[in-house]
Structures are given as C-alpha cells and as structure tokens.
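Commentary on secondary and tertiary structure
Each chain, written out:
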Amino acid sequence: MDITSTGTEAAVLDTLEAEAIHVLREAAGAFRKPVLLYSIGKDSSVLLHLAIKAFRPGRLPFPVLHVDTRWKFREMIEFRDATARQLGLDLLVRTNTDADAAGVTPFTHGTHEYTRLMKTVTLRRALDEGGFDAAIGGARRDEERSRAKERIFSVREPGHHWDPRRQRPEFWRWTNTELADGQSVRVFPLSNWTELDVWRYIRREEIPVVPLYLAAPRPVVERDGVLLMLDDDRFPLRPGEEPMDRWVRFRTLGCYPLTAAVESKAVTLDELIDETRADRRSERAGRLIDGDGGSSLETKKSEGYF
Amino acid sequence: MGAVLRIVACGSVDDGKSTLIGRLLAETDSVPHDHLEQARQTRRGGSVVPTGEIDYSLLTDGLAAEREQGITIDVAYRYLDLPGGRRLIIADAPGHDQYGANMAVAASTADLAVLLVDAELGVRPGTHRHLAVCVTMGVRSIVVAVNKLDAVGYDQAVFDRLAAQVRAMAESLGAEEVHVVPVSAIGGDNVTTASPNLPWHDGPTLLGLLAGWQPGERRGSVGTRLPVQYVIRGNRFRGPAGTVVGAALRRGDEVSVAGSGVATTIRRVIGPDGDLDRAEPGTPITVELSEDVDIRRGDLLTSRQGPPPSTEFGATVVWTGNQRFEAGGDYLLLVGPKVVSATVTGPHGLLDVRTGQTGPANTLSVNDIGTVTVTTATPVFLDSYADSRDTGCFLLVDRRTKDTVAAGMVSVAERRDDDRGVVPQDYAVDRTSRELLKGQRAKVLWLTGLSGAGKSTIADAVDRRLHALGVHTYVLDGDNVRGGLNRDLGFAPEDRAENVRRVAEVAALMLDAGLVVIVALVSPFRAYRAAARKLFAPDDFVEVWVDTPLAECVRRDPKGLYAKANAGTLRNMTGVGQDYEPPTAAEVRLDGTASTEEAVARLVSVVTDGR
C-alpha cells in the first residue's frame, strides 16, 4: 500500500516534471546540436516522454541515439524499434563493429574492458561523428553515491574527459550553457528524481516500458550468487550449471550477461512499486559492471562513460 | 508548488553535518540497505563510531578524492520524503572556508538553511560565515541545530545560551525567521524522534520542524515573467516556451516583449498536460500569442509591470573563477537565457564572510563575495534580487574559457518607469503652485558622513534656523526612519541600498510638496547616493559631505555604536565593519570639526539663495 498522500505525490512529480522540461528546453535552445541518449530502460522511457511533452505541439527537435553492444536483451531491441516507429523518432543506432568482429564479449574480456570498448568508446565515437555538443541522458543522482555531486549540465573537456575540477557551479535554475572549443556537455534532466519517482511517474503517465521490468517465469542460471537470464544461445554455461525457470524481473536493464535478475512476483506496476518501496537494496546493486573497485563508476565516468 | 522543500545544510568542519544528514536519511528509510551495511562494516581513519554500529557520516560520502581526504569539497544532493509526503532536497554544502562559492550554490535554490553549531565549541567564525552567505543568497529562514549535546551532558543552560547567541547573530545579519533545535546526531537524540535525554525540550524534532515548515511570503513581488528558452514550431504553430516566474500567467493576459514596446495578448497557454487557463509560477509552458510577434530565445515576455531596462546596475557577486576579478573587464553576462556583453567595475566592497561585515576591496578572488557595478552595451531586464530570485540574478562568464566566473544578485537596478505600464496621473496643483503658496523654493539637502560626524546636530540646527526664517522644512533622519518606514531593514549592503532608496523616494515626494528636506543619513556607498541623486533635477539635490575624521567620530561616539562595533557586538558598522566611500563631487563639503554655526550659515545660504 502506497502510504504517501496522493495529492502531495502528484505535486512532487509535477515539480520534478517541470524542472526536467526546463532543463530539456535549455539543452535544445542553448546548444548547437543536441542528441538524446536512449538506453531503452525505464529512465530513458521517462526522459523520452518528457522530451515529447517539452516540445509539443512541435516535434522532438533532436535525434535519439542508442549505443547497441549487441548483448542487450532481445525484448529491449524489439521495444526500441517499436517505440521509434510509434513515435516517429529519428533513431540512430551505433555499435563498435570492430570490437564486435574481434570477438569482444562480456565473457571474454572482463566487464571493465568490455564496457570501455562496447559502450564508452562507441558513445564517444558516435558523439564525435555526429558533431553533437550536448548529450542528454537519464542518469539520476540517487543511483550511486558518486553521482550525488553530478551536475545537471556536466561539462566534458576535449576527448570527453570528465574533470571534477572544471565542473561549473549551478546557481539557481539557470546554467552557463556557453561552451569553449572542444568542450561538450552531458545533460541530466532527471538528476533530482529517485527510483520511486520514476516508477510513480511511469504509472501516472502510462508510459510503456520493456516487459522485463515486470516479473514472469524466465530461464536463468545462478552464477556467483546472482541470477542471470539466458536470453539467447550465446551464454556459455559452466560445468554443472543447470538452466531453470524462475519468476524474476529486472530493476535495471543493460547487457543481459551483466544484469542480475531479482526473484519477484510483481506483475503489475502497483506491485512493482510496493516491492521497490520494501526492497531497500540499491538499484545498481544488480549491475555487475559497477562492482569492480570502490569508486568504479567514478573511474568509468572520468573515461567518458555516461 | 511547495511540494518540494529545498534546504542547504551547513556547518563548520567537524560540527557533525555528515552524521546528521546520514542519520536523517537512514531514519527516514531513504538509504538503500546495502549502503547501510557498508557503513556498518567500513571505518575510516579517526572514526570514533564503535565497530558493529553504523557510521552515519559514511552514507553521504561522495567522490574518491574526498573519501581519501575525509572531507566534503563539493555540493551533494540528497533526497528524502518528509512525513506528510513532501520531498526534501538537501544540498549538502562543504564546511571549509575555501569553498564558500559551493555553499553559495547550495544556498541559491534553498528555501531554508539548516545550520549546525557544535554545543561544545560554540559559535565559531564559520557560523558567521555560513549565516552571512545564506542571507546574501536570499535564504532568510534558518534552522539552527545545536549538535553534540551529548558531549555537554545534555545541559539545557548550554543550549539556551547558544540558542540566544546564534539567534541574535542571525537576526543582525538579516535572517527573518530563526528556529533552534537541540540534537545529538551521533546519539540520535531529537533528530527524528524525541529523546528522553532532552526532557527539557518541548519543541519539535529536527525532522518534525522540517516537515511542518511552510515558506512565508517572500519580500517584494514582481509581475508575471516568461524568459523565453525556445520557440516551438509546429504545424501552423509558432510559440515561445519557458517556465513562468513571478506571478501566474492567464489566457487573455496582455503581455509585452521587454524592450520592444510590442504589446500582445496570450491566446493559448499550453502546459505539460495540455491547454491551461492559468499557469502558476514554476510551470513550464508554451504560449500562443494573438499577434505574430518577432520573438526568440533570450527574450522576456512580461506582464504590464515588467522590469525596467537597465544598462547599468549594482550587484553583489560570488566570485567562482580561478582568475581574479579584473576591474573594467569584459565578460559575457547571462540573464536567464539571454547572453550579452558586459563590463564590470569595482569591487566597491568585499564581504568578510568570517564576520559578515563588508569592508574595502581591491579585487575579488575565488570564493569572495563583493559588490560591483555592471554595465551592458544593450539593455537587460532585471528585477532586484530581493524582489525575485528568478529574474534578479545573473552569471558572468569568461569570454575565452567560458568558465562561470561569478554569480550575481542585482541590488539596485536602475529604475525607469516608462516601460512598466505605470501611467502617472497629472494633478492640477503641482509643485510650483505649492512653492508659490509657501513662498519658497523646495530643495533636498542630503547630508552624508560617518556615524558621529555631526549630521543630526547640523540638520537640527539648520532646521531650527530655517523654521525661524519662515521656511517650511522637514528632517528625514536615518535613525528615525529606521524606527518606522524602514523598520524591516538591517545593515547589510542590500538593506542599506533599500534604506537609501526609500528615503530618497520620500524626500522626492516632500520636494514635490514644496518642502525643504534635510536628509541626515550615513549613506556610505557612492553607488547608492548616485542612485538617490538620479531621482532629482540637478538644482534640487544638494549632496553635503559632513567630513569628520573617523578618529574624531570614534572619540565622540554619541550613541556608543563604535564601542559596540569594536567589542564585536555590532556588525556592519560603517567605518569599522563596512567601508565609507567619501563623495567625489559633493556640492558642499563641511568640515565636521569646525563649529556648527559655520555649517548652518553655509547651508542656510544654499537654501535661501534659491528663493
């Protein structure tokens, strides 16, 4: 049972929505060539929904970019293509085909190197090739402790390098959107949203999300204490590993071999929200890539990962 | 809106801020349980938390560099839901002297400040500093959490003494609402639950106080403003988009594009969920105008009471650039979505954040807060910061590096009524007819000088002499108007500016009534006196500098103010804590050490010569 009074909850969401729309309009108005980074997850779905609201009755004034590692859940790709069709998005899909051809997989190269090559490098190349000076993403400050200090407009130096000392102070609701040569910016309109806000907003606005967020019987194996889904036949089983069907769902969505499932019977958004309120583990606890080192996400960010 | 409460949390190093915030988050179940577990198992050097218990300060740890140094060097944002459902956003500001700009960032959007004071160490220089920065940034509601009461045996006397001391300090710096709560962050006393250790405390817990707090009416108010962020184009649709600030915007409202003189009507207001009759401040909207008006990003749509165009204004700036301020330097000025070129002169004063006093300044370095004058090539439209935090602020940006070098708050915007839709009514009986009736020529004698210079004494003597000569007069004395008209103002630079402005406006009315007005007011800043002078025709305004050396004023000290200032109990005392900027072109300079009779003769002749 959601105990928060409905009126106040709606007003909190209205305030967060207003702030996000303001930020999206700044990004579209101030920068030469913005792009919206679309990861197909729940935060991206909210971001896309807000962007459409921000520019109605006009069209979305920027393209949408997906960095496809070729290891995303199949349902994610289906959802992406269906969304792009329905909304008439200018969708760009980019993959590090060299690394893919060279056989880089989550199983062969270790999570850090795999992520660097398939996600970070691909994103940097896609931004450079497109000449994008602003990349709008759905990251939130409450996802991880090192993100609590992230700016809403995060300036990147030439080469996409993130320098904590060059981050600009963000006074009031207005940001310095001037860029020096070679600088670009990552924009996070959902900075002040929590995981629960995202789900409540999805429920209120009836935003479609990938069905993997809701529980269903799915084929999984237990490996190193976590449940991993066998989304296709590329998942090499270790000796003794036995696929089994379990009722599971995903709190975050990424590359399927790197994303842990949680056991759940939540088949509706209401049940999912109740479960999120009760299960107080951090959201990124299911992301295997964050775990390699005490400040791992921060290290990735300084290299240009989102 | 009001569903989201933003606070800035500030305290000196080791006052226990991280622990307090960590406990607030943990006890409202706002921290993932795996983070709690980490905080139970991890320890950093110097921690006094027993093993097996949660080190709450670890919950708010951020960047790797900070973890190594064990300090907070940047603003972090935390979220929790208050009882009742409102969202609390905590801007966790660094406590060190050298990160003052970060604290100003955190305060810039805050409704309320939570200031920690260590019960054992008491009020420290940092306490002054945090209060001064908060008030400067427009945060006038302060919650003081007197922490570490466990270390003083939960002694009520210690709490009461500190509470009175901090309350007085906050109020003297301009805070309007001060609450004081006793807590022990480490022991969990009175943070979210009442504590048996504090039986003498019958007020709320810190959380209870925050949950029940409602913002008061902000001082001043402005009309509707819509800074245009983007122009949306659709199928036969073209409409400016932005977030409404100031006052609500309604369909059918008459608006104009500031500076263009073009008036039009709002035909349609489109909010996030479709058409609206009325958009409250804070709502992101797109509007359709009844005329096809040339409008672009950076323009400002306003109701009839728009801000005046200004090409020169005074401001308080927080310096954030690594390069020092360059007097006369050229910068980019960002007013919301508008970017123009600006020249900045000064600094006229520097806020000593350790004490809250403004003193003389030569330059501004990173984290300094000072006063400057901004001049722009093209007019910009600004409200005063006291009236509007949304349209009274700006950023200064380095033209080459594009770094933000300063954030500014408008103190005295040049007032011009011609663009505000205010149409003065003409009355048949005018100043000339009133002057004729009285048989005199109206005039304003503006006496400026240090406290104790002899302004009131001279004003009184001149007043008596003129009265005896049959001249209709009135004296506006600084201390007297502060008892009534300006009772709401303190002595911070922006309050002094407002004090001067109001006295000048009253003097202008009295002048129009045909009186000879004698103003006796310290009015220490040149820019503010210049703003006062602008209200008058050259012949009507006589600036009189009562020039008495500071040493002599201190020796006289008729009101005992210098004694208090030197003892540290009076802040912002001109000549001690704040600079006095002597006039450069006063019409009359009086030697304050000479006899009053000489001064009277001189000023009476100024008045009677005009007859």
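Looking at an unreviewed UniProt entry, one finds chain B named Adenylyl-sulfate kinase and attributed to Solihabitans fulvus. Check the Pathway (unreviewed entry) section of the UniProt entry for chain B; it says "Sulfur metabolism; hydrogen sulfide biosynthesis; sulfite from sulfate: step 2/3."

As recorded by an unreviewed UniProt entry, chain A carries the name Sulfate adenylyltransferase subunit 2 and is attributed to Solihabitans fulvus. The annotation that UniProt attaches to chain A under Sequence similarities (unreviewed entry) is "Belongs to the PAPS reductase family. CysD subfamily." Recorded in UniProt under Subunit (unreviewed entry), the annotation for chain A is "Heterodimer composed of CysD, the smaller subunit, and CysNC."

What follows covers the overall build of chain A. On a plain count of helices and strands, chain A comes out with eight helices and 10 strands. Restricting the contact set of chain A to residue pairs at least 6 apart, pairs at least 24 apart contribute 73%. Only carbon and sulfur atoms are counted for the fraction: they give 51% of the accessible area of chain A, which is about 11400 Å².

Let us now look at the packing of helix α9 (residues 455-468) of chain B against helix α15 (residues 596-608) of chain B. Residue and element names in this part refer to chain B. Axis separation between α9 and α15 bottoms out at 9 Å; the angle between their running directions is 55°. Judged on the interaxial angle alone, α15 and α9 are oblique. When the axes of α9 and α15 are compared, the crossing they make is right-handed. Packed against α9, whose contacting residues are T457, I458, A461, V462, R465 and L466, the element α15 presents T596, E597, A599, V600, L603, V604 and V607 at the interface. Grouping the constituent residues of the contact of α9 with α15 by class yields nine nonpolar, two polar and two charged.

Bringing the packing of helix α6 (residues 195-205) of chain A against helix α7 (residues 269-278) of chain A into the picture now. Residues and elements named next belong to chain A. For the pair α6 and α7, interaxial distance at closest approach is 10 Å and the crossing angle is 170°. As the angle between them shows, α6 and α7 are arranged roughly antiparallel. Note on element contacts: α7 touches α6 through L269, D270, L272, I273, T276 and R277, opposite E195, L196, W199, R200, I202 and R203.

Glancing now at the nonpolar core. Of all hydrophobic cores here, the largest spans 133 residues; its most connected members are L24(A), V46(A), L50(A), F171(A), W172(A), W193(A) and M137(B). When residues in this core are grouped by element, the largest group, nine residues, is from helix α1 (residues 6-30) of chain A. Among all residues touching F171(A), those that are not within four sequence positions of it are A101(B), A104(B), V105(B), S108(B), M137(B), V318(B), T320(B), L395(B) and A407(B). If you look at the next biggest cluster of nonpolar residues, it comprises 33 residues, including I21(B), I54(B), L58(B) and V143(B).

With that settled, the discussion passes to the UniProt feature "domain: Phosphoadenosine phosphosulphate reductase" (unreviewed entry) in chain A. With numbering aligned to this structure, UniProt lists the feature "domain: Phosphoadenosine phosphosulphate reductase" (unreviewed entry) at residues 34-260 of chain A. With 29% helix and 19% strand, the stretch residues 34-260 of chain A has end C-alpha atoms that lie 32 Å from each other.

Put simply, an interface is often sized by how much accessible area is lost when its parts join up. All names here are of chain A. Partitioning chain A into domains gives domain 1 (6-206 + 295-303) and domain 2 (211-289). Centre-to-centre separation of domain 1 and domain 2, based on C-alpha positions: 23 Å. On the side of domain 2, 31 residues touch domain 1, which itself brings 31 residues to the contact. Taking both partners together, domain 1 and domain 2 bury about 2900 Å²; carbon and sulfur atoms supply 62% of that area. Looking at the side of domain 1 facing domain 2, the largest losses of area belong to W71, F73 and W199, adding up to 26% of the total buried there. Residue R251 pairs with E195 through a salt bridge whose shortest N-O separation is 2.6 Å. Between the two partners, domain 1 and domain 2, sit seven residue pairs in polar contact (both at pLDDT 80 or more). Top contributing element to the side of domain 1 that touches domain 2 by residue count: α6, with six residues. Of the residues assigned to the side of domain 1 that touches domain 2, the class counts are 10 nonpolar, five polar and 16 charged.

Here we take up the domain arrangement of chain B. All names here are of chain B. Domains assigned within chain B are domain 1 (4-212), domain 2 (225-302), domain 3 (309-419) and domain 4 (431-608). The C-alpha centroid of domain 3 is placed 28 Å from the C-alpha centroid of domain 2. Between domain 2 and domain 3, the residue contacts involve 10 residues of the former and seven residues of the latter. Roughly 740 Å² of surface becomes buried between domain 2 and domain 3 when both sides are summed, with 64% attributable to carbon and sulfur atoms. Among the residues of domain 2 in contact with domain 3, R225, V245 and G298 are the three that bury the most area, contributing 44% of the side total. Counting every contact that joins domain 2 to domain 3 gives one salt bridge. The closest approach of N and O atoms between D383 and R225, which form a salt bridge, is 2.7 Å. Between the two partners, domain 2 and domain 3, sit one residue pair in polar contact (both at pLDDT 80 or more).

This part takes up the environment of A101(B). Its place among the elements puts A101(B) in helix α4 (residues 100-108). The class for A101(B) is buried, based on a relative accessible area of 8%. C-alpha separation for the pair A101(B) and K564(B), spaced 463 residues apart in sequence, amounts to 30 Å. With sequence-adjacent residues up to four places away left out, A101(B) is seen in contact with F171(A), V318(B), W319(B), T320(B) and N367(B).

Here we take up helix α5 (residues 110-130) of chain A. All names here are of chain A. With 21 residues, α5 ought to run about 30 Å at 1.5 Å a step, and its terminal C-alpha atoms sit 29 Å apart, in line with that. The largest bend along α5 reaches roughly 35° and is located at R116. Considered for burial, the residues of α5 that qualify are Y114, T115, L117, M118, K119, T120, V121, T122, L123, A126, L127 and G130.

Each partner contributes to the interface: chain B provides 81 residues, whereas chain A provides 61 residues. Surface buried jointly by chain B and chain A totals about 5600 Å² across both partners, of which 55% is contributed by carbon and sulfur atoms. It is Y79(B), Q229(B) and Y230(B) in chain B that bury the most area against chain A; as a group they hold 11% of the surface buried on that side. Viewed at the interface, chain A and chain B are joined by five salt bridges. If you look at where chain B meets chain A, you find 19 residue pairs in polar contact (both at pLDDT 80 or more).

Turning our eyes to something else, we now look at the sheet that holds strand β5 (residues 153-156) of chain A. All names here are of chain A. Overall, mixed pairing links the six strands, which are arranged β3-β2-β1-β4-β6-β5 in an open sheet. Only two strands of the sheet have a single neighbouring strand rather than two, namely β3 (91-94) and β5. The average angle at which neighbouring strand axes cross in this sheet is 30°, direction not considered. Summarising the sheet, strand β1 (residues 34-37) and strand β4 (residues 134-136) pair through three bridges and their orientation is parallel. Bridge pairing in β4 places L36 opposite I136. Of the strands in this sheet, β2 (64-67) and β3 touch helix α3 (residues 74-87), which is tilted by about 150° from β3.

Conventions and cut-offs
Residues numbered from 1 in each chain as written. Chains lettered and ligands numbered in written order. Predicted model: local features only at pLDDT ≥ 70, side-chain atom pairs only at ≥ 80, totals over all residues. Heavy atoms only, no water. UniProt positions renumbered as here; feature names shortened; annotations may be inferred. Helix = DSSP H or I, 4+ residues; strand = E, 2+ residues; numbered from the N terminus. Contact = heavy atoms within 4.5 Å. Areas by Shrake-Rupley, 256 points an atom, 1.4 Å probe, with all protein chains shown as cover. Axes fitted to C-alpha atoms, helices over the stretch in contact; angles between N-to-C directions. Parallel < 35°, antiparallel > 145°, perpendicular 65-115°, else oblique. Left-handed = near helix turned anticlockwise from the far one by under 90°. Nonpolar A, V, L, I, M, F, W, Y, C, P; charged D, E, K, R; others polar. Core = buried A, V, L, I, M, F, W, Y, C linked by side-chain atoms within 4.5 Å. Buried < 20%, exposed > 50% of the residue type's maximum accessible area, 1.4 Å probe, protein only. Domains from an automatic or database assignment. Buried area = accessible area lost by both parts, 1.4 Å probe. Salt bridge = Lys/Arg side-chain N within 4 Å of Asp/Glu carboxyl O. Polar contact = N/O pair within 3.5 Å; in protein donor to acceptor, adjacent residues only side chain to side chain. Expected span 1.5 Å × (residues − 1). Bend = angle between axes of the 7 residues up to and from the residue. Pairing = 2+ DSSP bridges.

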